[in-house]
Amino acid sequence: MRIIRCANYEELSQKAAEFVAAQITLKPDCVLGLPTGSTPIGMYARLVEMGMDFSEVTTFNLDEYYPIKKDNPQSYHYFMTENLYSKVNLKPENIYIPNGETTDPAAECKNYEKSILACGGLDMQVLGIGQNGHIGFNEPGEMLNSYTHVTKLTQNTIEANARFFNSMDDVPKQALTMGVATIMRARRILLLASGKSKAHVVRALQGSVIDPEIPATILAAHNDVTVIADAEALGE
Ligand code: F6R
């Protein structure tokens, strides 16, 4: 695992954008796995500023709340449209995000996993990390050999995400998420961590002990992981 230290969020965003841009330059028709949340917002803004050519890129988002309408401003679909899809030349047919409006979530998850494989697998998966160590919505104590599935959000995640909603009651209680095994099949992983609320999980990540209570620690078993973290997330 390689750790790239950044002084602050701005530097983290710049470095993360350069990392993704390098992947696109190396392989213009690459398949990217993408996160939402507050951490990658600066990275998306820098990628847009760089004027990267996304015309051959395919993207798969990590997760989506369930159930949620695509036009709900808190949906990940809406987030991605605002921060990336509407600002770069990604082809609509090359954009994949779990459908939070589906009436058959199990079939949606199965088809999502199939689509990733049909596109040749993920060349690079970008991740944020939850305060409880979740990656995607793979919460502490869940199976580590899972593929895309429906999951219940933990109380900790509902509380952490309530800041984006009018009230805690408005936060959907479930999500559709790539599984840990889906993430681990990506050929390269980039994890972003910012702020002191992430310091304890970033510390755990740097050890080599895999702890199912901190799902991100599974990344110790992947051979191409880069963590870009700011000083606060590194506890400095
Ligand atoms: C988002 C996702 C989550 C977030 C995590 C950190 O698609 O899968 O795992 O990456 O909750 O969120 P922020 O960046 O808001 O701290």
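Bear in mind the structure is a predicted one, so any value in this text is a computation, not a measurement.

Caption draft 1: Layout of the packing of aromatic side chains. Tallying each qualifying case throughout the model produces 7 aromatic pairs. Ring centres of Tyr-65 and Phe-137 lie 5.8 Å apart, and the angle between their planes is 40 degrees; this geometry places the pair in the tilted category. Of the two residues, Tyr-65 is situated in strand E4 (residues 63-66) and Phe-137 in the loop between strand E6 (124-127) and strand E7 (149-152); the sequence distance between them amounts to 72 residues. We classify Tyr-65 as buried; its relative accessible area is 1%. Ring geometry for Tyr-76 and Phe-137: centres 6.1 Å apart, planes at 10 degrees, overall stacked. Remark: Phe-137 occurs in the loop between E6 and E7 and Tyr-76 occurs in helix H3 (residues 76-85); sequence separation between them is 61 residues. The residues Tyr-76 and Phe-137 share a single accessibility class, namely buried.

Caption draft 2: A look at the packing of helix H2 (residues 41-50) against H3. Close contact between H2 and H3 brings their axes to 9 Å; oriented N to C, the two are set at 40 degrees. Taken together, H2 and H3 sit at an angle that is classed as oblique. Contacts between H2 and H3 pair Ile-41, Tyr-44 and Val-48 from the former with Phe-79, Met-80, Asn-83 and Leu-84 from the latter. A breakdown of the residues in the contact of H2 with H3 according to their chemical character gives 6 nonpolar, 1 polar and no charged.

Caption draft 3: Layout of the side chain of Thr-226. The residue Thr-226 is located in strand E10 (residues 225-230) in this model. If we skip the residues at most four places from it in the chain, Thr-226 touches Arg-2, Ile-4, Phe-19, Ile-189, Leu-190 and Leu-191.

Parameters at a glance
Residues numbered from 1 in each chain as written. Predicted model: local features only at pLDDT ≥ 70, side-chain atom pairs only at ≥ 80, totals over all residues. Heavy atoms only, no water. Phe/Tyr/Trp six-rings, centres within 6.5 Å; stacked < 30°, edge-to-face > 60°. Helix = DSSP H or I, 4+ residues; strand = E, 2+ residues; numbered from the N terminus. Buried < 20%, exposed > 50% of the residue type's maximum accessible area, 1.4 Å probe, protein only. Axes fitted to C-alpha atoms, helices over the stretch in contact; angles between N-to-C directions. Parallel < 35°, antiparallel > 145°, perpendicular 65-115°, else oblique. Contact = heavy atoms within 4.5 Å. Nonpolar A, V, L, I, M, F, W, Y, C, P; charged D, E, K, R; others polar.

Purely geometric numbers; function is a separate question.
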